[in-house]
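Okay, here's what each chain looks like letter by letter:
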Amino acid sequence: MPTLNLFTNVPVDAVVASDILKDCTKAVAKIIGKPESYVMILLNGGVPIEFAGTEEPAAYGELISIGGLGPSVNGKLSSTIAEIIQTKLSIDSARFYVKFYDVERSFFGFNGSTF
């Protein structure tokens, strides 16, 4: 159930969005060690963002998971997601924040229940 919610002030066309969704799905699944079938990626382009006093290209992400997160995993996720965003959207990694949430099973719903 890892879920990555990405926001950027860069407009994202459908082809680039599809590439980002696929690349992030594979990366999150591999690094956290959960099947791709459990991973959800949301991409919100063209969102007004000001970072460090400018509206230059920037991004923010939140990754929520039931387990699988920790200092070394979070570092790998941060660098890998930053690389994808830099490659696909030309957003410098110094203009990208990502926040990690490790949640309990009962705090995440699925299929009319919780995990």
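Residues numbered from 1 in each chain as written. Predicted model: local features only at pLDDT ≥ 70, side-chain atom pairs only at ≥ 80, totals over all residues. Heavy atoms only, no water.

*Asks:* How should I be thinking about the packing of aromatic side chains in this particular structure?
*Replies:* To describe a pair of aromatic rings, one takes the distance between the centres and the angle between the planes. All chains considered together, the criterion is met by four aromatic pairs. Between Phe 51 and Tyr 97, the ring centres sit 4.9 Å apart and the planes meet at 80°, which makes this aromatic pair edge-to-face. Of the two residues, Phe 51 sits in the loop between strand S2 (40-44) and strand S3 (59-65) while Tyr 97 sits in strand S4 (residues 96-102), which places them 46 residues apart along the sequence. Given the relative accessible area of 17%, Phe 51 is considered buried. Relative accessible area serves as the criterion here: at 52%, Tyr 97 is assigned to the exposed category. Judged by centre distance (6.2 Å) and plane angle (55°), the ring pair of Phe 108 and Phe 115 falls under tilted. A network of ring pairs unites the aromatic residues Phe 108, Phe 110 and Phe 115 as a single cluster. (Phe/Tyr/Trp six-rings, centres within 6.5 Å; stacked < 30°, edge-to-face > 60°. Helix = DSSP H or I, 4+ residues; strand = E, 2+ residues; numbered from the N terminus. Buried < 20%, exposed > 50% of the residue type's maximum accessible area, 1.4 Å probe, protein only.)

*Asks:* Help me out: how do you make sense of the sheet that holds strand S1 (residues 3-8) in this one?
*Replies:* Strand-to-strand pairing in sheets goes through backbone hydrogen bonds, with the strands running parallel or antiparallel. Within the open sheet, the four strands sit side by side as S2-S1-S3-S4. Their pairing is mixed. The outermost strands of the open sheet, each flanked by one partner alone, are S2 and S4. Recorded for the sheet is a direction-independent mean angle of 10° between the axes of neighbouring strands. Note that S1 and S3 share six bridges and pair antiparallel. What sits directly across from Leu 6, in S3, is Gly 61. Sitting on the sheet, helix H1 (residues 14-32) touches S1, S2 and S3, and the angle it makes with S2 is about 140°. Each of S1, S3 and S4 is contacted by helix H2 (residues 71-89), which is oriented at about 140° to S4, the strand it contacts most. (Pairing = 2+ DSSP bridges. Axes fitted to C-alpha atoms, helices over the stretch in contact; angles between N-to-C directions. Contact = heavy atoms within 4.5 Å.)

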